[in-house]
Amino acid sequence: MRHTLALLWQAYSLELRRTFAYRFEFWFRFFGVMFATLGIAYFLWKAVYAATGKDQIEGYSFGAMMLYYLLEPLLNNIVRAKEGGFLSWEIYGGTLTRYLVYPMPFFPYEFVIGLGSATIAVAQTLAAVGIVALFMDFPADVALTPATLALGIVTALIASLLSFALQCLAEMVAFWADNVWSLNVMLMFCIRLLGGAMLPLALFPDWLQKALAYTPFPYLVSFPIQTALGRLDAATWAHHLVMTLLWTAALGLVGALMWKRGNLRYTGVGI
Amino acid sequence: MLRYLRLYAYFLRFSFSRAMEFRLDFFLRIFMDIVYYAVNVAFFKVVYLHTPTLGGWTEKQAMVFVAFYLVVDAIHMTVFVNNLWTLPQLINQGGLDYYLTRPVATLFFVSLRDFAASSFINLTMALGILGWALSLNTELLTPGNSLLLLFLLCNGVLLNYLISLVYLVPVFWTHSSRGFADASHIFSRFLERPDRLFVGFMRVLLTFILPLSLIASFPARLFLEGFDWGIFLHLIGVTAAFALGIRFVWGRGLRAYASASS
């Protein structure tokens, strides 16, 4: 056990160093995503608020909406820190074999690598929100405090378990299919719309919001953002947390079955 | 010209037979694009639940704009994307040598050799969405307007291809395309919003420097709001400038290309 933990620690610190080895790409991507997300949201919602003449849309003032879109890419980097292809490429290359024979459990190893990237995303979130707080006043309808932000980050880290479980399912399809890239992209599209990355879920029709509460998507995006914005009371937060953990357990169970069946099909030759 | 058409027919035949070798992937890609179309239409449907107009367009009009960029994207995915994805690798690893020795224009060969058969199926779906969006605005369907729409679609596809190359051609000098590929993916979101939302520097950026708004939003305005010489000449001028610029930079890039040692 101690040996495994030491190995996982090594993997975690290696990932931290690897991220900083490609500094230009890393920061370019970070600032690019922030610029595009905030730029589009700013102009889009400015036009919508102007066209309607309202101060609030579904409980969001313009300022609150902007904070939502500031937190979305930041917390998404924590939740979805793991990039796609981590398992499928090992299967296609036949290199999964080394994990099957090494004294290293594959999934904890890959999750810890994701945690390495998530750690940097946590620092980015703290820095970005700190800078905004320094130069701007938060709107009155936002209860974002250091405590809610910290809880939002913890929620995002918990949601990253659910995200990882979902990603693993898509990746494990590689035992049967010759390409799962499109499956990963499809999943990303669904999470972006149905999770609340493109639009706050409060803007969706009521019937759709109710239906989505039974899917894993809102717990990946909307839940951590709402927590950080201080828009959830304790009971709702606890309910969402239970749903997140239940979905993680359910997907983990399906994943365990797929892993078992997939290993029986795995030849180690690659394609 | 005939030689190029015959060559392209061979590209199509090989691409379809290769696509059918990986059937599950073929169908997954079709399904992926259906999800992409649904997400884009749903986004605007939800936004219009909360506003009567966006960028000067009603929901019916905005659907023409959405359908327009979906068709441009579908053609881009079908004709160019598979080729453009592998272009940086060809340049970095010396694979471009093979194409340089062929008796056809290198840019033609590397841009068109792989036709995405699965995306071709989706192109028909994107055209279906365009048909549906146009049926919501039947008063605009005059013969002249239909011809204009066809021309604007071709221009949008060409401009989208040229902008994609802007992200890729620097690989001749930087030897890494990762940052540029990310930029392409990130900034492409701007083309999915009406141009009139953007003002100030952002407007200059999106209509001149990185003219993403000219791919679908300007054409949609020309089609929906009546012909405007100012917009039309802007569109043609920027596309022509980008075509000449890319041609020049591509030529310089080939001169800088150092084969397998890149």
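All values derive from a computational prediction rather than experimental measurement.

Reading guide: rules and limits
Residues numbered from 1 in each chain as written. Chains lettered and ligands numbered in written order. Predicted model: local features only at pLDDT ≥ 70, side-chain atom pairs only at ≥ 80, totals over all residues. Heavy atoms only, no water. Core = buried A, V, L, I, M, F, W, Y, C linked by side-chain atoms within 4.5 Å. Buried < 20%, exposed > 50% of the residue type's maximum accessible area, 1.4 Å probe, protein only. Contact = heavy atoms within 4.5 Å. Salt bridge = Lys/Arg side-chain N within 4 Å of Asp/Glu carboxyl O. Helix = DSSP H or I, 4+ residues; strand = E, 2+ residues; numbered from the N terminus. Axes fitted to C-alpha atoms, helices over the stretch in contact; angles between N-to-C directions. Parallel < 35°, antiparallel > 145°, perpendicular 65-115°, else oblique. Left-handed = near helix turned anticlockwise from the far one by under 90°. pLDDT = per-residue confidence, 0-100. 1 Å grid on protein atoms, 1.4 Å probe; cavity = no way out; pocket = protein on both sides within 12 Å on 5 of 7 lines; lining within 4 Å. Points joined across faces, edges and corners; volume = space filled by probe spheres on them. Nonpolar A, V, L, I, M, F, W, Y, C, P; charged D, E, K, R; others polar.

Visitor: For the nonpolar core, give the residues involved together with the corresponding values.
Guide: Within soluble globular proteins, side chains that are nonpolar tend to cluster in buried spots. Counting residues in each nonpolar core, the largest one holds 185 residues, and the members touching the most others are Trp-45 and Leu-199 of chain A. When near neighbours in sequence (up to four residues on either side) are disregarded, Trp-45 of chain A contacts Phe-62, Met-65, Met-66, Tyr-69, Leu-199 and Leu-203 of chain A.

Visitor: Hey, could you go over the pattern of salt bridges for me, with residue numbers and the actual values?
Guide: Residues and elements named next belong to chain A. This structure, assessed with the given rule, holds 8 salt bridges over all chains. One salt bridge in this structure joins Glu-83 and Arg-29, with 3.5 Å as the shortest N-O distance. Of the two residues, Glu-83 is situated in the loop between helix H3 (62-79) and helix H4 (88-93) and Arg-29 in helix H2 (residues 23-52); the sequence distance between them amounts to 54 residues. Taking the relative accessible area as the measure of exposure, Glu-83 reaches 44% and is therefore partly exposed.

Visitor: Account for the packing of helix H7 (residues 146-172) of chain A against helix H8 (residues 181-194) of chain A, naming residues and giving values.
Guide: All names here are of chain A. Running from N to C, H7 and H8 point in directions that differ by 150°, and their axes come no closer than 9 Å. For the element pair H7 / H8, the angle class is roughly antiparallel. At the point where H7 passes H8, the crossing takes the right-handed sense. Contact with H7, carried on its side by Leu-166, Ala-170 and Glu-171, involves Leu-183, Asn-184, Leu-187 and Ile-191 of H8 and no other residues of that element.

Visitor: Could you give an account of the confidence of the model for chain B, with specific residues and numbers?
Guide: Residues and elements named next belong to chain B. Confidence in the prediction of chain B, expressed as mean pLDDT, is 90, and 97% of residues score 70 or more. Helix H9 (residues 178-187) is the least confidently modelled element of chain B, averaging 76 in pLDDT, while helix H12 (residues 229-256) averages 96, the highest of any element. Predicted complex, confidence summary: ipTM 0.91, pTM 0.90.

Visitor: An account of empty space enclosed by the protein is requested, with residue identities and associated values reported.
Guide: Within the structure shown, the criterion is met by 2 cavities of 30 Å³ or more. Here the largest cavity defines a volume of roughly 80 Å³. Every residue along the wall of the largest cavity is listed here: Ile-78, Val-79, Ala-81, Lys-82, Phe-111, Gly-114, Leu-115, Ala-118, Ser-160, Ser-163, Phe-164 and Gln-167 of chain A. Secondary structure elements with two or more residues in the lining of the largest cavity: H3, helix H6 (106-135) and H7 of chain A. Looking at the lining of the largest cavity, its residues break down into 7 nonpolar, 4 polar and 1 charged. Considered as a void within the structure, the second largest cavity measures approximately 50 Å³ in volume. As for the second largest cavity, its lining consists of Trp-181 of chain A together with Arg-29, Met-32, Met-77, Val-81, Asn-82, Trp-85, Ala-116, Ser-118 and Ser-119 of chain B. Elements represented by at least two residues in the lining of the second largest cavity include exactly helix H2 (23-47), helix H3 (59-93) and helix H6 (117-135) of chain B. By residue number, the principal contributor to the lining of the second largest cavity is H3 of chain B, which donates 4 residues. Split into classes, the residues belonging to the lining of the second largest cavity amount to 6 nonpolar, 3 polar and 1 charged.

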